[in-house]
Amino acid sequence: MKKIILSALSMMVALTMSAITYQDQVSLTVDDGTYMHTIVLGEASELAVGINNGYASEIQNLNEMPLAVYALYNGVKYCPFVMKSYENQPLGIKTTNETTYTLYFDDVTGVVNLYDKKTGTPVPVIEGGDYVFTITDAEKNSLINDRFYINYNPAAFVTSVTTNDYGWATFSYDQDLVPVNSAIQTLYKGAINGSYLDLTAVNYVPNGQGVLVKGEANTTYYFAAGTATSDFSANALLATSSYSYPMENVYVLKGNAFQPYEGTTALKANKAYIRLSANNAPARISFRFNGAQAIENAKMEDAKAVKFIENGQIFIRRGEAVYNMQGQIVK
């Protein structure tokens with residue numbers, strides 16, 4: 001009975017997505033033994049580049065769904081998801097209270113490459129096939145966004161970092177890295193100036209250097225092997241690989257600023273921190289761009305922020321200063 005239901009689901013989805021020619025496609029269903037959910041994934045070269053093609057839709061009512069499968073693209077969850085082409089496309093799963101799940105594959109066209117990064121193995125995607133996987137108790141009733149990938153290419157990215165609720169993350173690594181897509185996030189080095197960290201945009205992450213990553217809130221950004229040209233002199237952001245407890249006057253990212261670290265263990269791997277001398281230890285280190293305080297650090301009593309559009313771009317005016325959507329002062 002379950003297989004009949006799955007076939008009916010995939011047939012309905014396929015009928016709604018049949019107006020284009022697929023180079024590859026699959027109707028993929030996740031099943032926990034009680035609930036099921038299906039997504040259509042595919043590539044069609046006749047589509048325009050990007051997401052605005054009419055064949056990718058943001059998933060609806062995810063909070064009300066007990067189980068779900070979706071494509072995570074630039075921080076947005078899609079179901080269905082069809083594009084001109086994609087590589088290393090994360091496939092997210094909203095889990096239930098179960099630990100064992102099955103993926104079913106129907107309406108397979110061409111060759112679809114699915115990779116389970118947790119087990120380090122390719123998943124055979126064949127018509128009528130299935131794949132059983134398990135999760136830990138800690139992963140129950142959660143969103144797993146970094147396990148399954150479509151068209152996985154390990155050479156295309158080495159690692160990733162996820163921003164916090166304010167769109168910030170610290171990052172470091174033990175080899176030179178460049179952003180996979182530099183257009184969707186900004187990297188910064190920082191120089192200490194009293195209680196401020198003066199930020200300067202950079203174009204890569206050198207081995208052993210720390211950076212700040214700025215992008216959309218709660219979004220995962222990917223890095224590939226490579227180097228570039230930025231100067232990292234006077235960079236106060238230290239790679240956490242250099243940290244050993246105890247150290248005094250150590251600051252870590254909390255929200256949209258650096259605050260004193262109050263833990264008793266080594267810092268997380270591949271992050272960045274700041275260490276100051278004993279005579280220069282403010283309670284909080286705020287961000288500044290080009291000498292102006294970052295907009296998300298501005299106090300509530302400052303002038304009211306007003307958004308406006310100029311030359312097709314969105315800007316924010318606060319008092320006499322104008323910021324872009326990354327929080328950088330532009331004029």
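Keep in mind the model is a prediction, meaning the values are calculated, not measured. (Residues numbered from 1 in each chain as written. Predicted model: local features only at pLDDT ≥ 70, side-chain atom pairs only at ≥ 80, totals over all residues. Heavy atoms only, no water.)

**Things to note about the overall build of the chain**
Thinking step 1. When helices and strands are tallied, the chain shows 1 helix and 27 strands.
Thinking step 2. Looking at the chain as a whole, 47% of its 331 residues qualify as buried.
Thinking step 3. Total accessible area on the chain stands at roughly 16,300 Å², and carbon and sulfur atoms take up 50% of it. (Helix = DSSP H or I, 4+ residues; strand = E, 2+ residues; numbered from the N terminus. Buried < 20%, exposed > 50% of the residue type's maximum accessible area, 1.4 Å probe, protein only. Areas by Shrake-Rupley, 256 points an atom, 1.4 Å probe, with all protein chains shown as cover.)

**A word on the sheet that holds strand β3 (residues 68-73)**
Thinking step 1. Strand order in the open sheet formed by 6 strands is β4-β3-β6-β11-β8-β9, with antiparallel pairing between adjacent strands. Looking at which strands have only one partner, the edges of the open sheet turn out to be β4 (76-78) and β9 (121-123). Recorded for the sheet is a direction-independent mean angle of 40° between the axes of neighbouring strands.
Thinking step 2. Pairing of strand β8 (residues 114-116) with strand β11 (residues 143-150), which is carried by 3 bridges, proceeds in the antiparallel orientation. Bridged to Y115 within β11 is Y149. (Pairing = 2+ DSSP bridges. Axes fitted to C-alpha atoms, helices over the stretch in contact; angles between N-to-C directions.)

**A closer look at the sheet that holds strand β20 (residues 250-254)**
Thinking step 1. Pairing within the open sheet is antiparallel, and its 4 strands lie in the order β19-β22-β20-β21. Looking at which strands have only one partner, the edges of the open sheet turn out to be β19 (238-239) and β21 (257-260).
Thinking step 2. Where β19 lies against strand β22 (residues 272-275), 2 bridges are found, and the strand directions are antiparallel. The residue of β22 that forms the bridge with L238 is Y273.

**A word on the confidence of the model for the chain**
Thinking step 1. This prediction gives the chain a mean pLDDT of 84; 82% of its residues lie at or above 70.
Thinking step 2. Per-residue pLDDT stays below 50 along residues 1-16; that stretch engages in 19 contacts with residues further than four places along the chain or on separate chains. (pLDDT = per-residue confidence, 0-100. Contact = heavy atoms within 4.5 Å.)

**A few points about unusual backbone geometry**
Thinking step 1. Residue P80 is bonded to the preceding C79 through a cis peptide linkage, with omega at 5°.
Thinking step 2. Along the chain, P80 falls in the loop between β4 and β5 (81-83).
Thinking step 3. Following Y245, the chain continues to P246 via a peptide bond in cis, the omega torsion being 0°.
Thinking step 4. By secondary structure assignment, the location of P246 is in the loop between β19 and β20.
Thinking step 5. With a phi close to 50°, N141 is a non-glycine residue in the positive phi region.
Thinking step 6. By the element assignment, N141 lies in the loop between β10 (130-134) and β11.
Thinking step 7. By relative accessible area, which is 54% here, N141 ends up exposed.

**Some details on the environment of F171**
Thinking step 1. Take F171: it is sitting in strand β13 (residues 168-171).
Thinking step 2. Taking C-alpha positions, F171 is 9.3 Å from L187, a pair spaced 16 residues apart along the chain.

**Here we look at the nonpolar core**
Thinking step 1. By size, the foremost hydrophobic cluster in this structure holds 35 residues, and its most contacted members are L41, F81 and L114.
Thinking step 2. Listing elements by their share of this core, those giving two or more residues are β1 (24-31), β2 (36-43), β3, β5, β6 (89-94), β7 (100-109), β10 and β11.
Thinking step 3. Looking at which element gives the most residues to this core, the answer is β3, with 4 residues.
Thinking step 4. Residues in contact with F81, not counting those within four places in the same chain, are I39, V40, L41, G42, I51, Y55, A56, A71, Y73, Y86 and Q89.
Thinking step 5. Counting 16 residues, the second-largest nonpolar core is a separate cluster that includes Y188, L212, A272 and F287. (Core = buried A, V, L, I, M, F, W, Y, C linked by side-chain atoms within 4.5 Å.)

**Some details on the pattern of salt bridges**
Thinking step 1. Considering all chains together, one arrives at 4 salt bridges under this definition.
Thinking step 2. A salt bridge links R147 to D116; the nearest nitrogen and oxygen atoms lie 2.9 Å apart. In this pair, R147 sits in strand β11 while D116 sits in strand β8, placing the two residues 31 residues apart along the sequence.
Thinking step 3. Taking relative accessible area as the criterion, R147 reaches 5% and is therefore assigned buried.
Thinking step 4. Here K118 and E139 are joined by a salt bridge, their closest N and O atoms 3.5 Å apart. Here the residue K118 occupies a position in the loop between β8 and β9, and E139 occupies one in the loop between β10 and β11, the gap between them amounting to 21 residues.
Thinking step 5. Classification of K118 by relative accessible area gives partly exposed; the value is 48%. (Salt bridge = Lys/Arg side-chain N within 4 Å of Asp/Glu carboxyl O.)

**Observations concerning the side chain of T219**
Thinking step 1. Considering the arrangement of structural elements, one finds T219 in the loop between β17 (211-214) and β18 (220-225).
Thinking step 2. On the accessibility criterion, T219 (3% relative accessible area) is buried.
Thinking step 3. Of the polar contacts made by the side chain of T219, one reaches the backbone oxygen of E216; its length is 3.4 Å.
Thinking step 4. At a separation of 3.0 Å, a polar atom in the side chain of T219 contacts the main-chain carbonyl oxygen of A217.
Thinking step 5. Once residues within four sequence positions are removed from consideration, T219 is found in contact with N74, G75, V161, T162 and T163. (Polar contact = N/O pair within 3.5 Å; in protein donor to acceptor, adjacent residues only side chain to side chain.)

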